[in-house]
Amino acid sequence: MFKLFHFFALATFLFVRSSCAQDVKDKPNIVIILADDLGSYDISLSGNNEFLTPNIDALGYQGVVFNRHYTMSMCTPSRAALLTGKYPIHTGMQHYVILPDEPRSLPLSEKLLPEYLKEVGYKTHIVGKWHLGYARKSFTPTQRGFDTHLGFFNGGISYTNYTLWIRKEIYEEGFDFRRNEEVYRDIVGQYLPDVLTDEATKVISDHDPNDGPLFMFLSQHAPHASSGDIALVAIPEDLETVDYIKDPDRRTYAAMVKALDRSVGKVVTALREKNMLENTIILFFSDNGAPESGLFANSGSNYPLRGQKDSPWEGGVRTLAAVWSPLFEKRHYVSSHLVHITDWLPTFLEASGATTYTSENLDGFDIWSTLSHNHRPVRREMVINIDPIVGYTSYYYNGYKVVNGTTSNGVYDSWIRSRNFDISPEAPSYADIVMNSSVWQALNPFATRPLQPRDVDEIRSKTKITCHTQYRIFNTCNPLKAPCLFYLDGDPCEMNNLAHFLPLKMASMRRRIKNVMRRMVPPGNTPVDPNANPALNDGLWTWWLDREN
């Protein structure tokens, strides 16, 4: 009798173990590719014919293009929002970025996306930029849910030397590149975007699906300006592809975007070669708009949107997203639905079967039905940002947007109304080039219908942002003097201020903002610490608070 009981117990255990293993294996792989400071106009999917990005574009044509996808306006706040599913006003990350010598991090009380995913069997990897704190080792990626990390802690480094130099009159140049928690110098002299791409493809090729599904966050550095003496860095092979662009800075920037596009192509190809595409979600977008001028200006373009990185305007936060999966029932279209960077965490957690999060504690929404069926999402509100240190508010509700105050005394508040964009000689063959790209070739077997060049042209035409007429009577916006109100759904370029003409709407928006501000937490910024100086830390930017004096 005992032997019979033991047999059934063993059989039950093996069945449950097998079922659990199968459940884990069935969970979708999740791959996020994040560009850094990419202009909203600077992928050819957006209608830009100056230089082509066929791999990124193919991801959108084969999947879904979100033409109203919103991020935060700077690097650290966007990454915080992505990995927590919360507005930075609820994590204390709403003001500026984490500085190299600032002893803070994304609060350790916040549970991050990789931590949730590990609980349901995922193998988690980050490749590239972190920018969420490193003053203590406990702040770093492999202490916060990622199994591995190859990359750097700060907001930017040299593209070949892997060093960062700030406030040169105070600090020495410091090295900032790691494999997990160990300093890694083997890559010095190699081009950073390609190093990160090679690591991402290696993560994919080394992944064993039997050990669990893959979550990989490829946080690229391109086309962020370098922290070195030369702001923009590209390799000769990429520069040759854009040699027709007359402006030298714009030409180098375009070559950096070409490296980014090549990276997307290699990652998708690696997934195909590993036979992982059948059960994978791939997401691409930029952390914010391009800095067209000012600190770390990179010659990117947010045309025709107003403003740029580190501003409350659309040019800083409206960043087209392309997402693909064979799990989506409906594909090959442009969605004008409102989607926010905080929506990705709950969406991926629902897709993964994670159950240890509480949606009421998040600002993001599960948008799986939007992804898969183009259903209208529930989102009607966006806190673009409220920064009490700078003193500005940017808030959207139900079609309208309020901007009260601004950054940098308003120097980034304008539009690039017109610009002399050079035309790529490949532009007339655009559809053919996209359809011959490595991403198209990898994803086309999963298409829901046969796609023709005319389909590419039709989908692309729907990404165009059209600015409406600017009326003199409404062109009175100075957010440093008074709040401005825009009907954003009909005026995406924020050209016509309606604040004086819709006083009841303005009053309603102010009440809503007041309610939002009751729930925000103060910014977590701290005074900088000169003990972070690489000269005191073996020439490294490292967890200086943990080092012995």
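Look a little higher up for the structure.
A brief structural summary.

Conventions we followed
- Residues numbered from 1 in each chain as written.
- Predicted model: local features only at pLDDT ≥ 70, side-chain atom pairs only at ≥ 80, totals over all residues.
- Heavy atoms only, no water.
- Helix = DSSP H or I, 4+ residues; strand = E, 2+ residues; numbered from the N terminus.
- Rg over C-alpha atoms; globule rule 2.2 N^0.38 Å.
- Buried < 20%, exposed > 50% of the residue type's maximum accessible area, 1.4 Å probe, protein only.
- Contact = heavy atoms within 4.5 Å.
- Areas by Shrake-Rupley, 256 points an atom, 1.4 Å probe, with all protein chains shown as cover.
- Lys, Arg positive; Asp, Glu negative; His and termini not counted.
- Charge placed at Lys NZ, Arg CZ, Asp CG, Glu CD.
- 1 Å grid on protein atoms, 1.4 Å probe; cavity = no way out; pocket = protein on both sides within 12 Å on 5 of 7 lines; lining within 4 Å.
- Points joined across faces, edges and corners; volume = space filled by probe spheres on them.
- Nonpolar A, V, L, I, M, F, W, Y, C, P; charged D, E, K, R; others polar.
- Pairing = 2+ DSSP bridges.
- Axes fitted to C-alpha atoms, helices over the stretch in contact; angles between N-to-C directions.
- Disulfide = S-S within 2.5 Å.
- Core = buried A, V, L, I, M, F, W, Y, C linked by side-chain atoms within 4.5 Å.
- Phe/Tyr/Trp six-rings, centres within 6.5 Å; stacked < 30°, edge-to-face > 60°.
- Lys NZ or Arg CZ within 6 Å of the ring centre and 35° of its normal.
- Polar contact = N/O pair within 3.5 Å; in protein donor to acceptor, adjacent residues only side chain to side chain.
- Parallel < 35°, antiparallel > 145°, perpendicular 65-115°, else oblique.

### Considering the overall build of the protein
So, step 1. Across its full length, the protein carries 14 helices and 18 strands.
So, step 2. Taking 24 Å as the expected radius of gyration for a compact globule of 549 residues, we find that the protein reaches 23 Å, a close match to that expectation.
So, step 3. Within the protein, the fraction of its 549 residues that count as buried is 60%.
So, step 4. In the protein, of all internal contacts separated by at least 6 residues, the share reaching a separation of at least 24 is 74%.
So, step 5. Summed over all atoms, the accessible surface of the protein reaches about 22000 Å², with 51% contributed by carbon and sulfur.
So, step 6. Each charge class in the protein was averaged separately, 55 positive and 62 negative side chains, and the resulting centres sit 7 Å apart.

### Concerning the layout of surface pockets
So, step 1. The volume enclosed by the largest pocket comes to roughly 530 Å³.
So, step 2. In terms of lining, the largest pocket is formed by 28 residues, of which the most central are Tyr96, Val97, His224, Leu295 and Phe296.
So, step 3. Looking at the lining of the largest pocket residue by residue, the classes come out as 13 nonpolar, eleven polar and four charged.
So, step 4. Here the second largest pocket defines a volume of roughly 260 Å³.
So, step 5. Lining the second largest pocket are 13 residues, with Tyr41, Ser46, Thr463, Lys464 and Ile465 positioned closest to its centre.
So, step 6. A breakdown of the residues in the lining of the second largest pocket according to their chemical character gives five nonpolar, five polar and three charged.

### Here we look at the sheet that holds strand E18 (residues 484-487)
So, step 1. Taken in spatial order, the four strands line up as E15-E16-E17-E18 in an open sheet, and their pairing is antiparallel. Strands with a single pairing partner mark the edges of an open sheet, and in this sheet they are strand E15 (381-387) and E18. In this sheet, neighbouring strand axes are inclined to one another by 10 degrees on average, regardless of whether the strands run parallel or antiparallel.
So, step 2. Across six bridges, E15 lies against strand E16 (residues 392-397) in antiparallel orientation. Looking across to E16, one finds that Asp387 is bridged to Tyr392.
So, step 3. Against the sheet, helix H14 (residues 503-518) touches E15, E16, strand E17 (400-404) and E18, its axis set at about 110 degrees to E16.

### A short note on the environment of Ile459
So, step 1. With respect to the helices and strands, the residue Ile459 is situated in helix H13 (residues 453-461).
So, step 2. For Ile459, a relative accessible area of 7% translates into the label buried.

### A few points about the state of the cysteines
By definition, a disulfide is the covalent link that joins the sulfur atoms of two cysteine residues.
So, step 1. This structure, assessed with the given rule, holds two disulfides.
So, step 2. Covalent S-S linkage joins Cys467 and Cys493, the inter-sulfur distance amounting to 1.8 Å. Because the sign of the S-S torsion sets the handedness, a value of about -80 degrees for the bond joining Cys467 and Cys493 places this disulfide among the left-handed ones. A residue pair is termed long-range when its members are at least 10 positions apart, and Cys467 in the loop between H13 and E18 and Cys493 in the loop between E18 and H14 qualify at 26 residues.
So, step 3. The exposure class of Cys467 is partly exposed, given its relative accessible area of 28%.
So, step 4. Disulfide pairing is shown between Cys477 and Cys484; the S-S distance is 2.1 Å. Measuring handedness by torsion sign, the sulfur bridge of Cys477 and Cys484 sits at about 95 degrees and is right-handed. Across the pair, Cys484 and Cys477 agree in class, each one buried.
So, step 5. Described in terms of the sequence order of its bonded cysteines, the disulfide pattern of the protein is 1-4, 2-3.

### Digging into the nonpolar core
So, step 1. Counting residues in each nonpolar core, the largest one holds 128 residues, and the members touching the most others are Ile32, Phe177 and Trp344.
So, step 2. Counting residues per element, this core draws most heavily on helix H7 (residues 248-273), at twelve residues.
So, step 3. Residues within four places of Ile32 in sequence aside, it is in contact with Leu82, Leu113, Phe215, Met216, Phe217, Leu218, Leu283, Phe285 and Phe348.
So, step 4. Among the nonpolar cores identified, the runner-up in size contains 16 residues, and Tyr395, Tyr400, Leu498 and Met520 belong to it.

### Thoughts on the packing of aromatic side chains
So, step 1. This model, assessed by the stated rule, comprises 22 aromatic pairs.
So, step 2. When the ring of Phe51 is compared with that of Tyr253, the centres are 6.4 Å apart and the planes differ by 75 degrees; the resulting orientation is edge-to-face. Here Phe51, found in the loop between strand E1 (29-35) and helix H2 (54-62), pairs with Tyr253, found in helix H7; they are 202 residues apart in sequence, far enough to count as distant. Each member of the pair, Phe51 as well as Tyr253, is classed as buried.
So, step 3. Relative to Trp368, the ring of Phe328 lies with its centre 5.4 Å away and its plane at 70 degrees, an arrangement referred to as edge-to-face. Residue Phe328 is found in the loop between strand E12 (321-324) and strand E13 (333-335), and its partner Trp368 is found in helix H10 (residues 368-373); the two are separated by 40 residues along the sequence.
So, step 4. Three or more aromatic residues joined by ring pairs form one cluster here, namely Tyr134, Phe153, Trp543 and Trp544.
So, step 5. Against the face of Trp543 rests Arg178, its NZ or CZ located 4.4 Å from the ring centre.

### Thoughts on the side chain of Ser301
So, step 1. By the secondary structure assignment, Ser301 is in the loop between strand E11 (280-286) and helix H8 (314-317).
So, step 2. By relative accessible area, Ser301 is classed as buried at 0%.
So, step 3. Only 3.2 Å separates the side chain of Ser301 from the backbone nitrogen of Tyr303, close enough to count as a polar contact.

### A closer look at the sheet that holds strand E8 (residues 178-179)
So, step 1. The sheet built from ten strands is open, its strands ordered E9-E8-E5-E4-E10-E1-E11-E12-E2-E13 with mixed pairing. What marks the edges here is a single partner per strand, and that holds for strand E9 (182-183) and E13.
So, step 2. Pairing geometry for strand E4 (residues 123-129) and strand E5 (residues 148-152), over five bridges, is parallel. Counted as the bridge partner of His125 is Thr148 from E5.

### Remarks on the packing of H2 against H7
So, step 1. Two elements in contact, H2 and H7, have axes whose closest approach is 7 Å; the angle formed by their N-to-C orientations is 50 degrees. Considered as vectors, H2 and H7 are oriented oblique to each other. On H7, the residues that touch Pro54, Asn55 and Ile56 of H2 are Leu260, Asp261, Arg262, Val264 and Gly265.
So, step 2. Along the lines of polarity and charge, the residues of the contact of H2 with H7 split into four nonpolar, two polar and two charged.

### Description of empty space enclosed by the protein
So, step 1. Under the definition given, this model contains one cavity of 30 Å³ or more.
So, step 2. Empty space within the largest cavity amounts to approximately 60 Å³.
So, step 3. Together, Leu38, Gly39, Ser40, Ile43, Phe284, Ser286, Thr319 and Leu320 line the largest cavity.
So, step 4. Grouping the amino acids of the lining of the largest cavity by side-chain chemistry returns four nonpolar, four polar and no charged.

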